[in-house]
Amino acid sequence: MQELTTTRHNLHIDPSMTVWGWEIPVYLFLGGMVAGMMIISGYFLFSKRYRETNCACYTLPLISLILLSVGMVALFLDLEHKLFVWRLYTTFQIASPMSWGAWILILVYPVIIANLLMGPPPFLANKFPKLNNITTFINQRPRLIQNIGVANMLLGGLLGVYTGVLLSTMASRPLWNTSMLWVLFLISGLSAAAAFVHMIAKNVKERELLAKADNGFLTIEIFVIALMLIGLLTSTQVHIDAANLLISGSYAPEFWVFVVGMGVVIPLIIQLLAVNHKINHTPIAPIMVIVGGLILRFIIVSAGQYSHWLNAHFK
Amino acid sequence: MARFGMVIDTKKCVGCMDCVVACKTENNVPEGYNRDWIVTAANGKFPDIHLEIQTQRCNHCDYTPCVSCCPTGASHVEDFGKIVLVEHNKCIGCKACLAACPYDARFIHPDGYADKCTFCIHRVEKGELPACVSVCPTHCMYFGDLDDPNSEVSKLLASRKNHSLIPEAGTLPRIYYLT
């Protein structure tokens, strides 16, 4: 027998940690999806697809800005000492992924805005006519556009990677403490972004391309999930317990049904049939991918907080 | 430079919670929260059973994941005694340090900042003992410099069997339990 009794009952700490509620998973999801959108839009700029007027690279920046801002509002809501938020920008803590993230976000905005200014939406262009000068300046310089594309891909990559590193550096939470987590979040962000572009793209070629790309991302995601679980299962007892939370434990039904089943496997099958012209393209598959990505963040954040070094000792 | 730590004799501790009350009183710990607490750990199978009463708190680890994850530098290691502290007016309440602590020793104070045991640094700087140590009726708690081989804590650790909590988490905690 092994039994622990404690007199401690701190709020959101006991009996198991629940300090991060809905705000962090929503932010991690939106951050990941915006990262994916920046990479896709950046690729379109770099590969000169922007020459087609209905290219998604003209619609994605505004959507990215809105989604990222919603994510940052969620992040702000999560802070308990909100009036001190400015403290993030009075220092750079090299060992803190959250500090890296705060500064990456500061760099992400101007890069998305540069992309936006290539073809600002009519309501912006009409309200601020001087924007046309900047738009003309950018559009006369193909190399600049390519560089904006590279900057979008680079910072999108950093943003996507950081959302995973933020959690994986916490050795105290065995489920998060895997170097596969950033790969999972980056690939999941890319697949959610590809699904979104697939859904809204006006250009038929683009829609087809993004459906194929999403199939690639979803296939990789299956392998990444498998490798992450294998990595945990071949580690220490606490890591095995952490993996079992997802495989057969209390988070298993949501994980297998909503993340793996409805978030990856079923949309992959639907989209494989669509790109092979067996069925028409449908928004159902992209919606499932996006919702699956959101639920993945919720499960990882919640199960990660639950996973603990003591769990291996007391069952 | 001192490196403060604590040694707790589990053969003497009776779990009276005087240390808990002293801490709450000394540090104005808000109702419903604890900077220190009592854990009763039972191991084994009857009749070969072992019971250990532990007074627990922040372990003021040598390797501090709570400090390295802090985005503002609010969580820091004080030069004086290498005590791990939180600067309240730098803390944004992001809760990263709460998640990073394998001992779950931190909590969010109702005023919004991360809070935890300070080894009563305001007392120690004046040459006094932390409140929990000073009130212990069985004198089971010892506080001192772990880097000084002649300190009481170092001598106890050299002469008695002891263990720390969750050493496998790799944070090198500085609270030891004599068994």
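Residues numbered from 1 in each chain as written. Chains lettered and ligands numbered in written order. Predicted model: local features only at pLDDT ≥ 70, side-chain atom pairs only at ≥ 80, totals over all residues. Heavy atoms only, no water.

(A) Spotlight on the interface of chain A and chain B. Listed per partner, the contact involves 37 residues of chain A and 45 residues of chain B. Both sides of the chain A and chain B interface together cover about 3600 Å² of buried area, and 56% of this is carbon and sulfur. Sorting the residues of chain A by area buried against chain B places A:Arg8, A:His81 and A:Trp309 first, and these three jointly supply 17% of that buried surface. For the pair chain A and chain B, the number of links is three salt bridges. When the shortest N-O distance is used, the salt bridge between B:Asp104 and A:Arg173 registers 2.6 Å. Linking chain A with chain B are 25 residue pairs in polar contact (both at pLDDT 80 or more), by the criterion used here. Broken down by element, the residue count for the side of chain A that touches chain B peaks at five residues, all from strand E1 (residues 2-6) of chain A. Residue composition of the side of chain A that touches chain B, grouped by class: 17 nonpolar, 14 polar and six charged. (Contact = heavy atoms within 4.5 Å. Buried area = accessible area lost by both parts, 1.4 Å probe. Salt bridge = Lys/Arg side-chain N within 4 Å of Asp/Glu carboxyl O. Polar contact = N/O pair within 3.5 Å; in protein donor to acceptor, adjacent residues only side chain to side chain. Helix = DSSP H or I, 4+ residues; strand = E, 2+ residues; numbered from the N terminus. Nonpolar A, V, L, I, M, F, W, Y, C, P; charged D, E, K, R; others polar.)

(B) Quick look at the sheet that holds strand E3 (residues 48-57) of chain B. What the three strands build is an open sheet, ordered E1(A)-E2(B)-E3(B); its pairing is antiparallel. In this open sheet, the two strands that pair with only one neighbour each are E1 of chain A together with E3 of chain B. For this sheet, the mean angle separating the axes of adjacent strands, direction not counted, is 15°. Looking at chain direction, strand E2 (residues 36-45) of chain B and E3(B) are connected through 10 bridges and run antiparallel. Bridge pairing in E3(B) links B:Asp36 to B:Arg57. Relative to the sheet, helix H1 (residues 18-27) of chain B contacts E2 and E3 of chain B, its axis offset from that of E2(B) by approximately 160°. (Pairing = 2+ DSSP bridges. Axes fitted to C-alpha atoms, helices over the stretch in contact; angles between N-to-C directions.)

(C) Inspection of a nonpolar patch on the surface at higher detail. Residue and element names in this part refer to chain A. Taken together, Ile222, Trp256, Val257, Phe258, Met262, Val265, Ile266, Ile269, Leu273 and Ile279 make up a surface patch of nonpolar side chains, about 780 Å² in accessible area. Sorting elements by how many residues they give to the nonpolar patch places helix H10 (residues 252-275) first, with eight residues. Among the secondary structure elements, isoleucine 269 is positioned in helix H10. (Patch = residues over 30% accessible without salt bridge, like charges linked within 9 Å, V, L, I, M, F, W, Y side chains within 5 Å. Areas by Shrake-Rupley, 256 points an atom, 1.4 Å probe, with all protein chains shown as cover.)

(D) Geometry of the packing of helix H7 (residues 181-200) of chain A against helix H8 (residues 204-233) of chain A. Residue and element names in this part refer to chain A. Between H7 and H8, the least distance of the axes is 8 Å, while the angle of their chain directions is 155°. With respect to each other, H7 and H8 are oriented roughly antiparallel. Helix-helix and strand crossings are classified by hand; for H7 and H8 the assignment is left-handed. Of the residues in H8, those touching H7 at Leu181, Val183, Leu184, Ile187, Ser188, Leu190, Ser191, Ala194, Ala195, Val197 and His198 are Arg207, Leu210, Ala211, Asp214, Phe217, Leu218, Ile220, Glu221, Val224, Ile225 and Met228. Each residue belonging to the contact of H7 with H8 can be placed in one class, and the counts come to 16 nonpolar, three polar and three charged. (Parallel < 35°, antiparallel > 145°, perpendicular 65-115°, else oblique. Left-handed = near helix turned anticlockwise from the far one by under 90°.)

(E) Structural detail: empty space enclosed by the protein. All names here are of chain B. Counted under the stated rule, the structure contains seven cavities of 30 Å³ or more. What the largest cavity holds in volume is close to 100 Å³. Along the wall of the largest cavity there are 14 residues; nearest its centre are Cys58, Cys61, Cys66, Cys101 and Tyr103. (1 Å grid on protein atoms, 1.4 Å probe; cavity = no way out; pocket = protein on both sides within 12 Å on 5 of 7 lines; lining within 4 Å. Points joined across faces, edges and corners; volume = space filled by probe spheres on them.)

(F) Here's a closer look at the layout of surface pockets. Residue and element names in this part refer to chain A. Roughly 260 Å³ of volume is contained in the second largest pocket. If you go around the second largest pocket, you meet 19 residues; those closest to its centre are Leu75, Leu79, Val85, Leu88 and Leu105. Within the residue set of the lining of the second largest pocket, elements represented by two or more residues are helix H1 (23-46), helix H2 (60-78), helix H3 (97-117) and helix H6 (142-168). The class makeup of the residues in the lining of the second largest pocket is 17 nonpolar, one polar and one charged.

(G) Geometry of H10(A). The largest bend in H10(A) is about 45°, located at A:Gly261. Directly beyond the C-terminal end of H10(A), a positive phi value near 60° is found at A:His277. (Bend = angle between axes of the 7 residues up to and from the residue.)

(H) Expanded view of the pattern of salt bridges. Counted under the stated rule, the structure contains 12 salt bridges over all chains. A salt bridge links B:Lys95 to A:Asp78, with the shortest nitrogen-to-oxygen separation between them at 3.0 Å. Pair noted here: B:Lys95 is in the loop between strand E5 (84-86) and helix H3 (96-100) and A:Asp78 is in helix H2, and the two residues belong to different chains. On the accessibility criterion, B:Lys95 (5% relative accessible area) is buried. Given the relative accessible area of 4%, A:Asp78 is considered buried. Measuring nitrogen to oxygen at the nearest pair gives 3.5 Å for the salt bridge that ties B:Arg57 to B:Asp36. You can see B:Arg57 sitting in strand E3 and its partner B:Asp36 sitting in strand E2, a full 21 residues away along the chain. Relative accessible area serves as the criterion here: at 3%, B:Arg57 is assigned to the buried category. A single salt-bridge network, built from bridges that share partners, covers B:Arg3, B:Asp62, B:Asp147 and B:Arg174. (Buried < 20%, exposed > 50% of the residue type's maximum accessible area, 1.4 Å probe, protein only.)

(I) The arrangement of the packing of aromatic side chains in detail. Using the criterion set out here, one finds nine aromatic pairs over all chains in the structure. The interplanar angle of 90° and the centroid separation of 5.1 Å between the aromatic rings of A:Tyr89 and A:Trp103 together place this pair among those described as edge-to-face. With A:Tyr89 in the loop between H2 and H3 and A:Trp103 in helix H3, the pair connects residues that are 14 residues apart, well separated along the chain. Accessibility expressed as a relative area gives 31% for A:Tyr89, which makes it partly exposed. Within the aromatic cluster, the residues linked to one another by ring pairs are B:Phe4, B:Phe80, B:Phe119 and B:Phe143. The positively charged end of A:Arg8 is found above the aromatic ring belonging to B:Trp37, 4.5 Å away from the centroid. (Phe/Tyr/Trp six-rings, centres within 6.5 Å; stacked < 30°, edge-to-face > 60°. Lys NZ or Arg CZ within 6 Å of the ring centre and 35° of its normal.)

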